[in-house]
Amino acid sequence: DGVLCRDCFPGQEPLADATACSDCSSKLYEVVDADGTLISMQGGPYHSTDGSSCDACSAGYQPTAERDRCELCGAINISDPYYYSPDGVECQRCGPGYAVNPAKTGCSVCVGQFSADGKQCSICPNGQQPTTPSGAAACVACAELSQRHNTRVDNGTLSSARVGKVSMNGAVCSDCAAGKMPNADNTECVSCADGEYSVGDECRQCAPGTETSADKSRCDSCLVQGLNSYSLDGVSCEQCWPNSEPL
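For the structure given in this document, a descriptive report is provided here.

Rules used throughout
- Residues numbered from 1 in each chain as written.
- Predicted model: local features only at pLDDT ≥ 70, side-chain atom pairs only at ≥ 80, totals over all residues.
- Heavy atoms only, no water.
- Helix = DSSP H or I, 4+ residues; strand = E, 2+ residues; numbered from the N terminus.
- Buried < 20%, exposed > 50% of the residue type's maximum accessible area, 1.4 Å probe, protein only.
- Contact = heavy atoms within 4.5 Å.
- Areas by Shrake-Rupley, 256 points an atom, 1.4 Å probe, with all protein chains shown as cover.
- Lys, Arg positive; Asp, Glu negative; His and termini not counted.
- Charge placed at Lys NZ, Arg CZ, Asp CG, Glu CD.
- Phe/Tyr/Trp six-rings, centres within 6.5 Å; stacked < 30°, edge-to-face > 60°.
- Lys NZ or Arg CZ within 6 Å of the ring centre and 35° of its normal.
- Expected span 1.5 Å × (residues − 1).
- Arc of directions from axis to C-beta.
- Disulfide = S-S within 2.5 Å.
- Salt bridge = Lys/Arg side-chain N within 4 Å of Asp/Glu carboxyl O.

## Points about the overall build of the protein
Assigned secondary structure in the protein consists of one helix and 22 strands. Projected onto the principal axes, the alpha-carbon positions of the protein cover approximately 130 × 35 × 15 Å. The proportion of buried residues among the 247 residues of the protein is 34%. Taking contacts inside the protein between residues at least 6 apart in sequence as the whole, the part at least 24 apart equals 29%. For the protein, the computed accessible surface area is about 14,500 Å², with 52% contributed by carbon and sulfur atoms. Between the averaged position of the 15 positive side-chain charges in the protein and that of its 32 negative side-chain charges there is a distance of 3 Å.

## A closer look at the packing of aromatic side chains
Applying the stated criterion across every chain, the model contains zero aromatic pairs. Across from the ring centre of Tyr-46, 4.6 Å away, lies the NZ or CZ of Lys-27, which sits over that ring. When the ring centre of Tyr-83 is taken as origin, the NZ or CZ atom of Arg-93, which lies over that ring, is 4.3 Å away.

## Topic: helix H1 (residues 142-154)
Counted at 1.5 Å a residue, the expected span for H1 with its 13 residues is 18 Å, and the 18 Å between its end C-alpha atoms agrees. Among all positions of H1, only Cys-142, Leu-145, Ser-146, His-149, Asn-150 and Val-153 are buried. For H1, the arc enclosing every buried residue in end-on projection is 125 degrees, short of the 170-degree limit, so these residues lie on one face. Residues Gln-147 and Asp-154 are exposed on H1 and point more than 90 degrees away from its buried face. Taken together, the buried residues of H1 touch strand S11 (128-130), strand S12 (139-141) and strand S13 (165-166). Gly-156, located one to two residues past H1, shows a positive phi value of around 85 degrees.

## Things to note about the state of the cysteines
One pass over the structure, following the stated rule, counts twelve disulfides. Linked covalently through their sulfurs, Cys-24 and Cys-54 form a disulfide whose S-S length is 2.0 Å. In this structure the cystine formed by Cys-24 and Cys-54 twists about its S-S bond by roughly -90 degrees; its chirality is therefore left-handed. On the criterion of sequence distance, the pair formed by Cys-24 in the loop between strand S2 (21-23) and strand S3 (28-32) and Cys-54 in the loop between strand S5 (46-47) and strand S6 (55-56) is long-range, its members being 30 residues apart. Summarising the burial analysis for this pair, Cys-24 and Cys-54 share the class buried. Shown here is the disulfide that connects Cys-222 with Cys-237, its sulfur atoms set 2.0 Å apart. Residues Cys-222 and Cys-237 share a disulfide whose torsion about the S-S bond is about -85 degrees; that sign makes it left-handed. Of this pair, Cys-222 sits in the loop between strand S20 (219-221) and strand S21 (229-230) while Cys-237 sits in the loop between S21 and strand S22 (238-239), and the two are 15 residues apart along the sequence. The class of Cys-222 is buried, set by a relative accessible area of 1%. Here Cys-5 stays unpaired: no disulfide links it, and the sulfur of Cys-8, its closest cysteine neighbor, is 11 Å away. Overall, the relative accessible area of 79% leaves Cys-5 in the exposed class.

## Quick notes on the pattern of salt bridges
Taken as a whole and judged by the stated rule, the model has twelve salt bridges. Ionic pairing is found between Asp-154 and Arg-162, a salt bridge with its closest N-O pair at 2.6 Å. Arg-162 gets classed as partly exposed once you look at its relative accessible area, which sits at 22%. A salt bridge links Arg-204 to Asp-201; its shortest N-O distance comes to 2.8 Å. Take Arg-204: its relative accessible area is 25%, and that puts it in the partly exposed class. On the accessibility criterion, Asp-201 (8% relative accessible area) is buried. Each of the salt bridges in this network shares a partner with another, and the network as a whole consists of Asp-154, Arg-162, Asp-201, Glu-202 and Arg-204.

Printed below as a string of structure tokens:
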């Protein structure tokens, strides 16, 4: 009114002709949309702490609802600080398979770990691995991977040996060696008992008339040791007594 100069309130700035105050939420800013078109929008990252000018918030921050300051994305909700802002406009959540970086300015892909909700990358439980090497949103059990592989072997769609897989601390599931099998929770490989053999998937009993090989990977016929060699239980071959012969 030309009588008295007044200060604008926080969250505002003077118009160019200094005749009134304008809310920072109405200030225009330019963005590029999905098809590359430059468009103008209101609000954006602007705030004003003292009413002198509307300034942009830095990446990792967003303006408060009152536009009187910038707030750190991690401080919006103390119990859920997993938000980021790449441009100071609005704090948002990362997608599954990613986690918020420490500066709250972007997302980092999970490598060798997983994130179901875009908050943090986590190690898979024992006996499991991430579904993909990077960007995994979930884990898959080693037992399930073994089953998928062995089903293909059994139905002839995969030319390979059956397997048993294990994992500790969320590492990639690895195959057990011949003569061993996974334990109950698929965290380690255990040796087959005497008289049993395995190609690495599960231990099986050798038949009478055979014995396990030294590495327990197969059953060998007692006839290899001579015509008077026998085995009642598949554990080890023995020689018949003099004046006797195997059945």
